[in-house]
Each structure stands twice: as structure tokens, then as C-alpha cells.
Amino acid sequence: MNFTLRPWRMEDASVIVPYADDPLVAQNLRDVFPTPYTLADAEGFVRSCIEQEGEGQLCRAILVDGRAVGSIALFLGEDVYRRSAELGYWLGRPFWRQGIMTAAVKEMCGLGFEVWDIVRIHAEPYARNAGSRGVLEKAGFTLEGVLQNSVYKNGEILDSCIYARLRKGG
């Protein structure tokens, strides 16, 4: 399925609510991603993406047929981590398992390595999130380790994984 990445626009806020307001999406994200997900949440999120663009973050809407259906972002590390960035993403459930996120991750990593003087991009999916782990592996990330009992989500203690992709020749 064809998709594009582009910077967020305020008019995207109302479009993403039906995709973001899904407990199956939220269950694999950090608690900063609210559930239920309201229009006010979407407006705040999109506004922060627009205002902080280029100031240590690159945030893109994932568009299918011109409509925002998910998000992908890179966050530049600070201090001794300033040559690394963290990757985060989510996609509306109707678009899962179609190769969209794998391609979006590859494109976003290319952008991050192009724009910033970084040598590493990492992501930390929950160990039980086989879909996200598969996306990262197909996008050239390597599993570096499993952090046992590292996450508390919805009343459960979970393991998380550290995946990384290094700049070629890095």
C-alpha cells in the first residue's frame, strides 16, 4: 500500500482521532499516549510536533490516500547521547501488516541520518509486541538486548527490548 510521510498540520488532528482512539494501539505505547484518545489530545500532539520540529525532534504524519493514519518520530539524544536518536511510531489498526510501517521506519531513519550527525537510532518496543519487533528487524535494526521487568503498563510488569540501527560506516 502506498503511503507518504510529511510534517504534521493542524488539520490532521481530527483525522487521526479514530485511529489513535484504539486500546490495541495504546497498549503498546508509553502512557504519554492517552486512552481514550480525544480531539483535544490530538490537537495537543500535533501542535507539539509542529512547534518542536527541528528542535531535537523530527515528527511525521504517516499518510495513506492523503489522510493521516499514524505517526513516526525521531528524538535526538542529549548530553553523552547527542549522537543517538530514539525512534517512536504508531499506526492505525486498519493499516497493520501491510508493510507501511517497515517502509516508514526505513525512510525516517534515512532522514535522521541525513539531517543529524548521529551514528545510532534505537527503539524500545515491549517484548510481547511481535509486530513492532518484526517491523524493526525488517527495517535493518538489530536486537541488542532484553530489559527484564523494565516497564509498568496497564497494571503489568513487562520486558522491553532494545533495538538499534547504526549509520553505515559509522
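1. Section: the pattern of salt bridges
Throughout the structure, instances matching the rule amount to eight salt bridges. In this structure, Arg 6 engages Asp 12 in a salt bridge whose closest nitrogen and oxygen atoms are separated by 2.8 Å. Here Arg 6 matches Asp 12 in class, with each residue buried. Asp 31 is the salt-bridge partner of Lys 153, the closest N and O atoms lying 2.9 Å from each other. Of this pair, Lys 153 sits in strand S6 (residues 142–153) while Asp 31 sits in the loop between helix H2 (23–26) and helix H3 (39–52), and the two are 122 residues apart along the sequence. Its relative accessible area of 4% is what places Lys 153 among the buried residues.

2. Some points on helix H5 (residues 130–138)
Each α-helix turn comprises 3.6 residues. Residues three or four places apart therefore point the same way. For H5, the complete set of buried residues consists of Ser 132, Arg 133, Gly 134, Val 135 and Leu 136. In the core, the buried residues of H5 are packed alongside strand S4 (84–91), helix H4 (100–115), strand S5 (120–123), S6 and strand S7 (156–166). Two residues or fewer after H5 comes Gly 140, characterised by a positive phi angle close to 95 degrees.

3. Quick look at unusual backbone geometry
Put simply, Thr 35 and Pro 36 share a cis peptide bond, and its omega is 0 degrees. Mapped onto the elements of the fold, Pro 36 is located in the loop between H2 and H3. Its identity as a non-glycine residue notwithstanding, Asp 79 has a phi of 55 degrees, on the positive side. For Asp 79, the location among the structural elements is in the loop between strand S3 (67–76) and S4. Judged by relative accessible area, which is 59%, Asp 79 ranks as exposed. Phi is positive for Arg 97, close to 60 degrees, though the residue is something other than glycine. Its location among the elements puts Arg 97 in the loop between S4 and H4.

4. Here's the deal with the environment of Val 105
The residue Val 105 is located in helix H4 in this model. Residues Val 105 and Tyr 19, 86 residues apart in the sequence, show an inter-C-alpha distance of 19 Å. Residues contacting Val 105, with those up to four places away along its chain left out, are Ile 72, Leu 87, Tyr 89, Val 135, Ala 139 and Phe 141.

Each value, and the rule that gives it
- Residues numbered from 1 in each chain as written.
- Predicted model: local features only at pLDDT ≥ 70, side-chain atom pairs only at ≥ 80, totals over all residues.
- Heavy atoms only, no water.
- Salt bridge = Lys/Arg side-chain N within 4 Å of Asp/Glu carboxyl O.
- Buried < 20%, exposed > 50% of the residue type's maximum accessible area, 1.4 Å probe, protein only.
- Helix = DSSP H or I, 4+ residues; strand = E, 2+ residues; numbered from the N terminus.
- Contact = heavy atoms within 4.5 Å.

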